[in-house]
Amino acid sequence: METVYFVRHAQPNYNNHDDKTRELTEKGLTDRQLVTRFLMDKNIQAILSSPYQRCTSTIAEFAQATGLTVALEEGFRERAVGLWVEDFAGFAQKQWADFSYKLNGGECLSQVQARNISALERALNIYPNQNIVISGHGTAICTVLNYYNPSFGYEDFERIRPLMPWAVTLQFQNKRCISIQECPLAPSPKKAP
């Protein structure tokens, strides 16, 4: 059996519009401790990460604490949006309503899902019967959850969107997902009245 801990990155600096180099905020850097504490007793044997800075930075403290190397996996990168989107909620709603919807130069959710599932299946083959952590992105992880549970949709994505960092555990037996469990790492942010 393989256990995969998908960890969504901590809070990024949205003032940096370059997706690849978007760094963590001070809060994000502090919140990495939540990730390390969550993972320390999980007997992790391999760490994979999106190559984007906010993901590698989120998992760096845990990797240093355990002496494990972070393997970068391009397949786990976030979806390419295209141009910067001011109305992200509206854009996300369109994408979740139609998995083929995309902006010029961007990816649709079916492309993101296929890329992430392919990378996950490679990881399961490379690390059989091991506990793996994958540092990734909210939308990308949510498309993986939708793949194994098609009822996971836009409302679930919106519920998770403000949670950074956030984790979900998937267990596999004979390459088949047999369990999915969300793992909150911090209290949910309070909504304005």
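Residues numbered from 1 in each chain as written. Predicted model: local features only at pLDDT ≥ 70, side-chain atom pairs only at ≥ 80, totals over all residues. Heavy atoms only, no water.

(A) Representation of the sheet that holds strand β6 (residues 176-183) within the structure. Spatially, the 6 strands line up as an open sheet ordered β3-β2-β4-β1-β5-β6, and their pairing is mixed. Unpaired on one side and paired on the other, β3 (70-72) and β6 mark the two borders of the sheet. The average angle at which neighbouring strand axes cross in this sheet is 25 degrees, direction not considered. Note that strand β5 (residues 166-173) and β6 share 7 bridges and pair antiparallel. Across the sheet, T169 pairs through a bridge with Q181, a residue of β6. Taken strand by strand, helix α1 (residues 26-39) contacts β1 (2-8), β4 (131-136), β5 and β6, and its axis lies near 170 degrees from that of β1. Of the strands in this sheet, β1, β4, β5 and β6 are in contact with helix α5 (residues 138-148), which crosses β5 at around 35 degrees. (Pairing = 2+ DSSP bridges. Helix = DSSP H or I, 4+ residues; strand = E, 2+ residues; numbered from the N terminus. Axes fitted to C-alpha atoms, helices over the stretch in contact; angles between N-to-C directions. Contact = heavy atoms within 4.5 Å.)

(B) How the structure looks around the pairing of β4. Burial analysis of β4 places 6 of its 6 residues in the buried class, the great majority of the element. Pairing geometry for β1 and β4, over 6 bridges, is parallel. If you follow V7 over to β4, its bridge partner there is S135. Pairing geometry for strand β2 (residues 46-49) and β4, over 4 bridges, is parallel. Following the sheet pairing, S49 is matched in β4 by S135. (Buried < 20%, exposed > 50% of the residue type's maximum accessible area, 1.4 Å probe, protein only.)

(C) Structural view of the packing of helix α4 (residues 109-126) against α5. Contact geometry for α4 and α5: axes closest at 9 Å, N-to-C directions at 80 degrees. As far as their axial angle goes, α5 and α4 are roughly perpendicular. Residues L109, V112, Q113, N116, I117, L120 and E121 of α4 pack against T139, A140, T143, V144, N146, Y147 and Y148 of α5. The residue makeup of the contact of α4 with α5, split by class, is 8 nonpolar, 5 polar and 1 charged. (Parallel < 35°, antiparallel > 145°, perpendicular 65-115°, else oblique. Nonpolar A, V, L, I, M, F, W, Y, C, P; charged D, E, K, R; others polar.)

(D) Main features of helix α3 (residues 88-97). Within α3 the residues assigned to the buried category are F91, A92, Q95 and W96. One face of α3 carries all of its buried residues, which in axial projection span an arc of 130 degrees. Along its buried surface, α3 packs onto α4, α5 and α6 (154-160). (Arc of directions from axis to C-beta.)

(E) Structural view of α4. Counted at 1.5 Å a residue, the expected span for α4 with its 18 residues is 26 Å, and the 25 Å between its end C-alpha atoms agrees. Turning to α4, its buried residues number three or more, namely L109, V112, Q113, R115, N116, I117, A119, L120, A123 and L124. In the core, the buried residues of α4 are packed alongside β1, β2, α3, β4, α5 and β5. (Expected span 1.5 Å × (residues − 1).)

Such coordinate-based values are descriptive only and should not be taken to indicate function.
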